[in-house]
Amino acid sequence: MTTDNLTDDERRLFARVSRRIIPFMVLLYTVSFLDRVNVGFAALTMNADLGFTPTIFGWGVGIFFIGYFIFEVPSNVVIEKVGARFWICRIMVTWGLISGAMAFVSSPMSFYVLRFLLGAAEAGFSPGMILYLTYWFPAELRARYLGLYLIGIPLASVVGGPLSSWLLGFHGLLGLAGWQWLFIIEAVPAIVLGIAVLRFLPDGPAKARWLTEDEKARIADCIARERAAKHAHSRHDLWSALKDSRVLLMSLIYFGIVIGLYGTNFWLPQIVKGLGFTNIEVGWIVAAVYLVGAVAMPLWGRSSDRRQERIWHTSLAAVAASIGLLGSAYFQAPLLVILSIGLAAVAVYASLVPFWALPPTFLGGTAAAAGIALINSLGNLGGFAGPYLVGWIKETTQSYSAGMLALAAAPALGALLMLVVRLQLTRGAVAPAPAE
């Protein structure tokens, strides 16, 4: 199916809206993800300074997702009730303060506690932003704009790789270690931008001062047409979404994708460092990998929108991620290892775009808020499993290869389960939205 349901004027209007809100949303997500994963760069010196073993580090970075899991659904439901502008501000300021406090970690227990609190503070941000996009864009265009928004994930490493490596060089300034400066300085943008949200992020089209009344009406009409078309086929209440088998299956698929995502993301700096590179070289190599990911995500989203297809786009990207992880385990040459794990990182990021374009096609209203949050929170438990698994295997075998092999199975399983979702959507009693 094409985007013929929209007129040329409507497409131009949505393009204008995207130019107004998407860049700011990308900036917010970049900062969000940087504060989540910069511990991977801090580990290049922090682990030695504090005596953290691979298992301690893996547990600490993973426990973030336990706090995230506990508070995710309630936080996203609050966004639906009080509005995006206020709640996103609260989330960002809170996580910025906690992220800065990471500079004062002194023991495994303080590391665990602050990482848990960081996850609790950030809960609701990512699915809240995905929900927010459904207020502005119809399903026909959503994957391309999701692809643009989600490039904040690789951009966090594109920017954060060189920046974090440079900040590690501040060691000794005012008596602080380089990794402490990393946490302090990289926490500031979250606090500043959180306050800026109050000015630059309207709760929805109806509150956007830069839209005319006619433009607001046209956007509302497009979204209303979509909701009316799927109203008879989609879940709208909270408990129906939480019990929906497709939501639970999508959560399991996302769990597999996230294992690959964070299993590589948190450990990639240390893997590259282990190949014989300096901290500065590690930063630029990691940045190059994720720069490719930042280019691939919107392109894959456009392909998904052009074909109005989500299942195969998600599955193929997940399979490519597994192949890359397998290659990183079997190859010995540094260049081949980097290329393989680079393929895995790029592919797993690309899979996120069509994946997140799918749930809003069978969920609406409060169900969309709760269902998307449930998928995100359950799936993000893979962010605990992946890093901890790699750390434990690394400490046991003194090698990253077996850990990469273990990670490879997860996105491959997700790809297979995505085909089960396809069967449910085509043969189940509840049909998907027409755009899918």
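Residues numbered from 1 in each chain as written. Predicted model: local features only at pLDDT ≥ 70, side-chain atom pairs only at ≥ 80, totals over all residues. Heavy atoms only, no water.

## Observations concerning the overall build of the chain
At step 1: Of regular secondary structure, the chain possesses 19 helices and zero strands.
At step 2: Relative to the compact-globule value of 22 Å for 436 residues, the chain shows a C-alpha radius of gyration of 21 Å, a close match.
At step 3: Counting across all 436 residues of the chain, residues that qualify as buried make up 61%. (Helix = DSSP H or I, 4+ residues; strand = E, 2+ residues; numbered from the N terminus. Rg over C-alpha atoms; globule rule 2.2 N^0.38 Å. Buried < 20%, exposed > 50% of the residue type's maximum accessible area, 1.4 Å probe, protein only.)

## Thoughts on the confidence of the model for the chain
At step 1: Model confidence for the chain is summarised by a mean pLDDT of 85, while 91% of its residues fall at 70 or above.
At step 2: Counting contacts from residues 429–436, a segment whose pLDDT is below 50, to residues more than four positions away or on other chains yields 23 contacts. (pLDDT = per-residue confidence, 0-100. Contact = heavy atoms within 4.5 Å.)

## Observations regarding the packing of helix α12 (residues 245–265) against helix α16 (residues 334–357)
At step 1: For the pair α12 and α16, interaxial distance at closest approach is 10 Å and the crossing angle is 150°. Comparing the axis directions of α12 and α16 gives the class roughly antiparallel. Considering only the axes of α12 and α16, their crossing is left-handed. Two secondary-structure elements touch here, α12 through Met-250, Ile-253, Tyr-254, Ile-257, Gly-260, Leu-261, Thr-264 and Asn-265 and α16 through Ile-341, Val-348, Tyr-349, Ser-351, Leu-352, Phe-355 and Trp-356. (Axes fitted to C-alpha atoms, helices over the stretch in contact; angles between N-to-C directions. Parallel < 35°, antiparallel > 145°, perpendicular 65-115°, else oblique. Left-handed = near helix turned anticlockwise from the far one by under 90°.)

## Describing the nonpolar core
At step 1: Within the largest apolar cluster, 139 residues are counted, with the highest numbers of intra-cluster contacts made by Phe-111, Phe-125, Trp-136, Leu-150 and Trp-356.
At step 2: The element that contributes the greatest number of residues to this core is helix α1 (residues 8–37), accounting for 14 residues.
At step 3: Excluding anything up to four places from it in sequence, Phe-111 contacts Val-39, Met-46, Phe-52, Ile-56, Phe-57, Gly-60, Val-61, Met-102 and Val-105. (Core = buried A, V, L, I, M, F, W, Y, C linked by side-chain atoms within 4.5 Å.)

## Some points on α16
At step 1: Its 24 residues place the ends of α16 36 Å apart at the C-alpha level, agreeing with the 34 Å of an ideal helix rising 1.5 Å per residue.
At step 2: Most of α16 sits out of view: 19 of its 24 residues are buried. (Expected span 1.5 Å × (residues − 1).)

## Regarding the packing of helix α14 (residues 279–307) against α16
At step 1: Between α14 and α16, the shortest axis-to-axis distance is 8 Å and the interhelical angle comes to 35°. In this structure, the crossing between α14 and α16 has a hand that is right-handed. In contact with Ile-285, Val-289, Tyr-290, Val-292, Gly-293, Ala-296, Met-297, Trp-300, Gly-301 and Ser-304 of α14, α16 contributes Ile-338, Gly-342, Ala-345, Val-346, Tyr-349, Ala-350, Val-353 and Pro-354.

## Overview of the environment of Val-348
At step 1: Here Val-348 lies in helix α16.
At step 2: It is 18 Å that separates the C-alpha atoms of Val-348 and Pro-359, two residues lying eleven residues apart in sequence.
At step 3: When residues no more than four places from it in sequence are discounted, the contact partners of Val-348 are Ile-257, Gly-260, Leu-261 and Ala-321.

## What about the pattern of salt bridges?
At step 1: Tallied over the full model, the rule gives seven salt bridges.
At step 2: Between Glu-215 and Arg-16 there is a salt bridge, with the nearest N and O atoms lying 2.8 Å from each other. With Glu-215 in helix α10 (residues 213–230) and Arg-16 in helix α1, this pair connects stretches of sequence that are 199 residues apart.
At step 3: Residue classification places Glu-215 among the buried positions, given a relative accessible area of 14%. (Salt bridge = Lys/Arg side-chain N within 4 Å of Asp/Glu carboxyl O.)

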